[in-house]
Amino acid sequence: MKSIIKSLTLVTLAIGLLSSCVLSRPTESSEEKRTITVSGSGSVTVKPDMVSLKFIVRNNGWNIMQVAERNAINTTNTLNALKEAGIPESDISTYDYSITQDNTHTYAGEYTARNTIAVIVRNLDITGKVIDAAVKNNIGANGITSFEYLVSDKTTALREARTLAVKNAQDAASLLAGASGCKINGVMEIREDYTSAGRASDMMFKAVSMTEEAATTPIVEGSITITSNVTIKYELTN
């Protein structure tokens, strides 16, 4: 009996020591890390090598079938004119199509058929020629709803813009940390977004009647600005 009691005492003592070890293990520091979050921006301007155009073909009338038919004819004329001007079929697409009725009055209004054609011009020298061909003699498109410069390869420019943005953010973080008696000690988080902005708008050029002798629409080449915006969280140290 004494032997059993002695064994139980040893087991209890062992459990107590184990519990003591677990409870006395030092806990990790709950002190929050000091951080600073800054934003940086970098921009690079590049020369465009493409133009994106959107032509609108629009017809109105009281008879929906006649309106749709006229719109189909004018759309076909536009597509043929674009191809004759040097645009391959692969760079022409239907961007949007709709037939609606004017319901702004108490009576049923006219029908309107709209067909928006998206075009990519890869040779900037023929941009004016393409515009003129599409709206020629009012038998094709009624006008242009969008004009935007594009660049086919923006990889190099975007890489440079990102590098500039990160450096801008790091300079700001170092300045602020130094002014407060600290130093930056590594990156904890980075968020980034970029924009590519050329000359783009939702403007409307009204189509005019043109003849073969009419002057080609002049297009002055613009530029594209690629911008990277970053937000970076740095850890601070003394």
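Everything discussed here concerns the structure shown above.
Residues numbered from 1 in each chain as written. Predicted model: local features only at pLDDT ≥ 70, side-chain atom pairs only at ≥ 80, totals over all residues. Heavy atoms only, no water.

Peer 1: What am I meant to see in the pattern of salt bridges here?
Peer 2: Opposite charge on two side chains makes pairing possible when the charged atoms of those side chains draw close. In total, this model carries four salt bridges according to the counting rule given. In this structure, Asp91 engages Arg122 in a salt bridge whose closest nitrogen and oxygen atoms are separated by 3.0 Å. Of this pair, Asp91 sits in the loop between α2 (64-84) and β3 (92-101) while Arg122 is found in the loop between β4 (111-121) and α3 (127-135), placing the two residues 31 residues apart along the sequence. Note on Asp91: relative accessible area 10%, which makes it buried. (Salt bridge = Lys/Arg side-chain N within 4 Å of Asp/Glu carboxyl O. Helix = DSSP H or I, 4+ residues; strand = E, 2+ residues; numbered from the N terminus. Buried < 20%, exposed > 50% of the residue type's maximum accessible area, 1.4 Å probe, protein only.)

Peer 1: Would you mind showing me how to read the environment of Gln170 here?
Peer 2: Relative to the assigned elements, Gln170 resides in helix α4 (residues 155-179). Residue classification places Gln170 among the partly exposed residues on the basis of a relative accessible area of 38%. Each C-alpha atom, one on Gln170 and one on Ile184, is 8.8 Å from the other, the two residues being 14 residues apart in sequence. In contact with Gln170, not counting residues within four places along its chain, are Ile184 and Tyr234. (Contact = heavy atoms within 4.5 Å.)

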